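Geometric and topological summary
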Amino acid sequence: ATRNPNPTFPLKYTLQAPQDLTLEGAATSLDAETKLWFEGLDLIVSARWDTDGTAATRDPTDLVARTVTSSSSNLQLTGRGIGGKLVTGKSK
């Protein structure tokens with residue numbers, strides 16, 4: 001997870017080991033000390049534009065995107081849809 005307080009779009013992001021990875025994510029494969037364990041595998045990449053600025057909350061107006069990729073991908077942020085808005089709706 002990363003936080004970009006003042007992003008400009010389109011936002012280009014690259015995972016850099018070790019600063020952008022957890023300890024588990026930065027682990028190397030058993031067959032090569034310099035190769036990250038996930039290199040060449042499909043990864044789930046998700047993004048959320050958090051409208052209230054608090055990552056712990058899910059707001060119906062947040063924009064979200066998700067894809068599976070093994071190299072590079074373009075994500076198009078969209079609204080949560082009716083299902084997502086109902087699940088993340090705030091009680092009065």
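Up top is the structure these notes are about.
Okay, so let's go over this structure. (Residues numbered from 1 in each chain as written. Predicted model: local features only at pLDDT ≥ 70, side-chain atom pairs only at ≥ 80, totals over all residues. Heavy atoms only, no water.)

Let's shift gears to the overall build of the protein chain. Helix and strand content of the protein chain: one helix and two strands. Across the 92 residues of the protein chain, 14% fall into the buried class. Across the protein chain, contacts joining residues at least 24 apart in sequence account for 28% of those joining residues at least 6 apart. (Helix = DSSP H or I, 4+ residues; strand = E, 2+ residues; numbered from the N terminus. Buried < 20%, exposed > 50% of the residue type's maximum accessible area, 1.4 Å probe, protein only. Contact = heavy atoms within 4.5 Å.)

Mapped onto the fold, Leu 43 is located in strand β1 (residues 43–49). Taking the C-alpha atoms as reference points, Leu 43 and Thr 67, separated by 24 residues in sequence, lie 8.2 Å from one another. Beyond its immediate sequence surroundings of up to four residues, Leu 43 is in contact with Phe 38, Thr 67, Val 68 and Thr 69.

On to a nonpolar patch on the surface. A cluster of nonpolar side chains, contributed by Phe 9, Leu 11, Trp 49 and Leu 63, occupies part of the molecular surface with about 380 Å² of accessible area. Inspection of the secondary structure assignment puts Leu 11 in the segment before β1. The exposure class assigned to Leu 11 is partly exposed, which follows from its relative accessible area of 43%. (Patch = residues over 30% accessible without salt bridge, like charges linked within 9 Å, V, L, I, M, F, W, Y side chains within 5 Å. Areas by Shrake-Rupley, 256 points an atom, 1.4 Å probe, with all protein chains shown as cover. Salt bridge = Lys/Arg side-chain N within 4 Å of Asp/Glu carboxyl O.)

Attention shifts here to the pattern of salt bridges. Evaluation of the coordinates by the stated rule reveals two salt bridges. Close ionic contact of Arg 48 with Asp 62 constitutes a salt bridge, the shortest N to O distance being 3.2 Å. Remark: Asp 62 occurs in the loop between β1 and β2 (63–69) and Arg 48 occurs in strand β1; sequence separation between them is 14 residues. Given a relative accessible area of 29%, Arg 48 falls into the partly exposed group.

This part is about the side chain of Thr 69. As for its position among the elements, Thr 69 is in strand β2. If we skip the residues at most four places from it in the chain, Thr 69 touches Leu 41, Asp 42, Leu 43 and Val 45.

A separate point is the environment of Thr 2. Within the secondary structure, Thr 2 is located in the segment before β1. Taking relative accessible area as the criterion, Thr 2 reaches 45% and is therefore assigned partly exposed. Between the alpha carbons of Thr 2 and Leu 21 there is a distance of 9.7 Å; along the sequence they are 19 residues apart.

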